[in-house]
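# Reading the structure
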Amino acid sequence: MKNSILVKSLLVFLTIMAFSACIEEKKKRVINFPQTDLSTENLIPKPMKMIATNGGFALDQFTAIYTSDNAGYEEVGKFLAEKIKGKTGLDIQVNVAEIPDMETVIYINRSDSLELNAPEAYQLYITLDSVILNSNTAEGAFRGIQTIRQLIPETRSDSLAAYPIWTIPTGKISDSPQFEYRGSMLDVARHFFSVEDVKKYIDLLAYYKYNVLHLHLTDDQGWRIEIKSWPLLTEVGGSTEVGGEAGGFYTQEEYKDIVAYAAERHMVIVPEVDMPGHTNAASVSYPVFNGTGITPELYEGTQVGKSTFATRKDTLYSFLDDVVGEIAAITPGPYFHIGGDESHVTKKKDYIYFVERVEKIVRKHGKRMIGWDEIGQAKMDSSSISQFWASKENALDAVAMGMKIIMSPATKAYLDMEYDTLSKHGLHWAAYIPTDSAYIWTPESYEGIPMENILGIEAPLWSETISDIGELEYLAFPRAIGYSELSWSIPENRDWENYKIRLANQAPFLDRMNVKYYPSPLIDWKKSKYSYKEIEKD
Ligand code: ACM
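Residues numbered from 1 in each chain as written. Predicted model: local features only at pLDDT ≥ 70, side-chain atom pairs only at ≥ 80, totals over all residues. Heavy atoms only, no water.

## Overview of the overall build of the chain
Where we set the bar: Runs of H or I in DSSP of at least four residues are treated as helices and runs of E of at least two as strands, each being numbered from the N terminus. Note on method: radius of gyration uses C-alpha positions; expected globular size equals 2.2 Å times residues raised to 0.38. Partly exposed describes any residue whose relative accessible area lies between the buried limit of under 20% and the exposed limit of over 50%, with all areas from a 1.4 Å probe on protein chains only and scaled to the type maximum. The contact definition used throughout considers only heavy atoms, calling two residues in contact when any of these lie within 4.5 Å. In short, Shrake-Rupley with a 1.4 Å probe defines the accessible areas, and a residue's cover is counted only from the protein chains shown.
Regarding its fold elements, the chain presents 17 helices and 17 strands. Against the globule reference of 24 Å for 538 residues, the chain gives a C-alpha radius of gyration of 26 Å, in line with a compact fold. If you line up the chain on its principal axes, its C-alpha atoms span 105 × 55 × 45 Å. Looking at the chain as a whole, 58% of its 538 residues qualify as buried. Sequence separation of at least 24 residues holds for 72% of the intrachain contacts in the chain that already meet a minimum separation of 6. Carbon and sulfur atoms make up 55% of the accessible area of the chain, which amounts to about 21,800 Å² in all.

As structure tokens, then:
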């Protein structure tokens, strides 16, 4: 009896000793970090509100991630753990059964707080021993973990601890997007880009809180998406590209793979079939649809405005019903883009007839139609969306029909415009767009488009002059980073002088991702392990 009391006391004593040792160890971990200031972090896009409390949360081998069990949250936690592993080498456990004493914790939590005023809104409370991320939806949590990723330093912090620590500054962030549609477009028709290239672009966009990738899947020079009921579209129409290279296309399985990859990053794919102009590749494959009785040749040049569908042929619309139907069936996002730009050889009344008929097909397949701003000349349903690229008058006509507008003015938002006269790639028919002029404009009050009609911003990347991922990155980065801030952050939080410091500090991330960005001389790029020149050599 006595013995067992003794043993029990001993056990309690040992437990207390062990516990105190843990507390001591934890205190040491808390005390030893460098001070950091949340308000001077290089976050892009800049969050709505930040309050710094000037301490440090230790991300280290004792950190664990816990998530609520609502749909999609555990996946967000696992995504964060994978990215932490890539950046720091730490193996962070997600939803392990018990929280051991020693751990600091990242909680990713579903919350009904009224402060979370949009599906993508999130709040981040960072204290010495926990990071609490609250959101209404898994999508909001996903945007929030991009902020956490950006707060983790590129290199370990100096500390007296015996193990590596990455210090995250303490404080509170409340954040929510200015616009619900934040996109980029990639033209895979003029030059084809592989599934891997598209996935890398998606990864980079997701880091900056984009939620849309628009794929320009068809044009005069190529048809890039398999349509099972019309196989020649890709067999013939997908066989070349600008410059006479081999072209290519996505099978439906590959397209679904891209869509799923985007969905894991809470992004949607917007498929575009450009018509009734820009249809040479379709008409080479099925000459019956151009109405001339002549089979055109495959086209490898870069001129526009020479092709059209025969818009008064009824059989055209059963063909388009198949095309739109097959693509809509494998596109979970709400949108379908019908192009509609530069139909210079289509008579205006035929163009209007065509767009109005195709809008009905798109709606029949359960999608919201998007078209380039020329569609404002037709009578459109107010649920359809106009993408303003060239004509303010067309965009205002769309506003008058109650339509939403996606802001992509070519003089400000076209990623394929040259930076300046020394640019290695790009065109300049709309403007030269250096890194500052891409950022310094106000979509909220541009060309008289009312703010309440603006769905969001999209930065299109046309591919006449680029044919591989390095060239794509040269034109897209750093400008795409600026568009993320224009579409996420409120105007009061946007300031070129402040932004350009935060942009300079993106270099270590871009280098680690092997992004061959344009090293704009306007930016004092932060030196990192690699210099741009070294990357260019490989
Ligand atoms: C366009 O640039 N043709 C929309």
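What follows continues from the structure just given.
## A word on the pairing of strand 7 (residues 166–175)
Where we set the bar: The pairing criterion is simple: DSSP has to find at least two bridges between the two strands.
Across the 10 residues that make up strand 7, a large majority, 9, are buried. Bridge analysis of strand 1 (residues 49–59) against strand 7 gives 8 bridges, and the strand direction is antiparallel. Note that in strand 7 the partner of Ala52 across the bridge is Gly171. With 5 bridges connecting them, strand 5 (residues 122–126) and strand 7 associate as antiparallel partners.

## A few points about unusual backbone geometry
That bond from Ile44 to Pro45 is cis: its omega, -5 degrees, falls within 30 degrees of zero. Tracing the backbone through its elements, the reader meets Pro45 in the loop between helix 1 (2–31) and strand 1. The omega torsion of the bond from Met275 to Pro276 falls at 5 degrees, within 30 degrees of zero and hence cis. Of note in the backbone geometry, Glu447 takes a positive phi value of approximately 55 degrees without being a glycine. Secondary-structure assignment places Glu447 in the loop between helix 12 (435–439) and strand 17 (454–461).

## Quick notes on the confidence of the model for the chain
In plain terms, the rule: pLDDT expresses, on a scale from 0 to 100, how confident the predictor is about each individual residue.
Confidence in the prediction of the chain, expressed as mean pLDDT, is 92, and 91% of residues score 70 or more. Mean pLDDT per element in the chain: helix 17 (residues 532–537) is the minimum at 39, and strand 9 (residues 212–216) is the maximum at 99. In the model, residues 5–24 has pLDDT below 50 throughout and makes 3 contacts with residues more than four positions away in sequence or in other chains. Throughout residues 530–538 the model reports pLDDT below 50, and contacts reaching past four residues in sequence, or to other chains, amount to 14 contacts.

## Remarks on the sheet that holds strand 15 (residues 385–388)
Keep this limit in mind: To obtain an axis, a line is fitted to C-alpha atoms, over the contacting stretch when the element is a helix, and the angle between two such axes runs from 0 to 180 degrees between their N-to-C directions.
Within the closed barrel, the 8 strands sit side by side as 8-9-12-13-14-15-16-17. Their pairing is parallel. The sheet shows a mean angle of 30 degrees between the axes of neighbouring strands, direction not considered. The pairing of strand 13 (residues 335–339) with strand 14 (residues 368–372) spans 3 bridges and is classified as parallel. Directly across from His337, in strand 14, lies its bridge partner Ile370. Sheet strands in contact with helix 10 (residues 392–400) are strand 15 and strand 16 (404–407), and its direction is about 160 degrees off that of strand 15.

## Quick look at the sheet that holds strand 5
The 7 strands are arranged 1-7-5-6-4-2-3 in an open sheet whose pairing can be described as mixed. Either end of the sheet is taken by a strand with one partner, and the two such strands are strand 1 and strand 3 (93–94). In this structure, strand 2 (residues 63–67) lies alongside strand 3, joined through 2 bridges in parallel fashion. Residue pairing for strand 3: Ala64 is matched across the bridge by Gln93. Against the sheet, helix 2 (residues 73–88) touches strand 1, strand 2, strand 3, strand 4 (104–110), strand 6 (130–135) and strand 7, its axis set at about 145 degrees to strand 4.

## Focus on the pattern of salt bridges
Short version of the rule: By definition, a salt bridge exists where a carboxyl oxygen of Asp or Glu is found within 4 Å of a side-chain nitrogen of Lys or Arg.
In this structure the tally under the stated criterion is 26 salt bridges. Asp112 serves as the salt-bridge partner of Arg110, at 2.5 Å between the closest nitrogen and oxygen. For Arg110, a relative accessible area of 31% corresponds to the partly exposed category. Residue class for Asp112 comes out exposed when judged on its relative accessible area of 60%. Residue Glu444 pairs with Arg494 through a salt bridge whose shortest N-O separation is 2.9 Å.

## Description of the packing of helix 8 (residues 314–329) against helix 9 (residues 348–364)
Angle between the axes and distance between the axes are the two parameters that describe a pair of packed helices. For clarity, the threshold we go by: Rotating anticlockwise by less than a right angle from the far helix to the near helix defines a left-handed crossing, while the corresponding clockwise rotation defines a right-handed one. Ten residues, namely Ala, Val, Leu, Ile, Met, Phe, Trp, Tyr, Cys and Pro, are considered nonpolar, four, namely Asp, Glu, Lys and Arg, are considered charged, and the remaining ones, Gly among them, are considered polar.
For the pair helix 8 and helix 9, interaxial distance at closest approach is 10 Å and the crossing angle is 35 degrees. Between helix 8 and helix 9 the crossing geometry is right-handed. Here Asp314, Leu316, Tyr317, Leu320, Asp321 and Val324 of helix 8 come into contact with helix 9, specifically with Tyr353, Phe354, Arg357, Val358, Ile361, Val362 and Lys364. Tallied by class, residues from the contact of helix 8 with helix 9 come to 9 nonpolar, no polar and 4 charged.

## Overview of the pairing of strand 5
Counting buried residues along strand 5, 4 of its 5 residues qualify, which places the element largely inside the surrounding structure. Alignment of strand 5 against strand 6, held across 5 bridges, turns out to be antiparallel. Paired with Ile126 across the strands is Val131, a residue of strand 6. The antiparallel hairpin formed by strand 5 and strand 6 contains 3 residues in its connecting segment.

## What to know about the packing of helix 14 (residues 479–488) against helix 15 (residues 496–504)
Heads up, the rule is: With respect to orientation, any angle under 35 degrees is reported as roughly parallel, any angle over 145 as roughly antiparallel, any angle of 65 to 115 as roughly perpendicular, and every other angle as oblique.
Helix 15 packs onto helix 14 with a crossing angle of 130 degrees between their chain directions and a minimal axis gap of 11 Å. Taken together, the axes of helix 14 and helix 15 lie oblique to each other. Crossing angle aside, the handedness with which helix 14 passes helix 15 is right-handed. Contact residues: helix 14 offers Ile481, Gly482 and Glu485, while helix 15 offers Tyr499, Arg502 and Leu503. Class assignment of the residues belonging to the contact of helix 14 with helix 15 gives a composition of 3 nonpolar, 1 polar and 2 charged.

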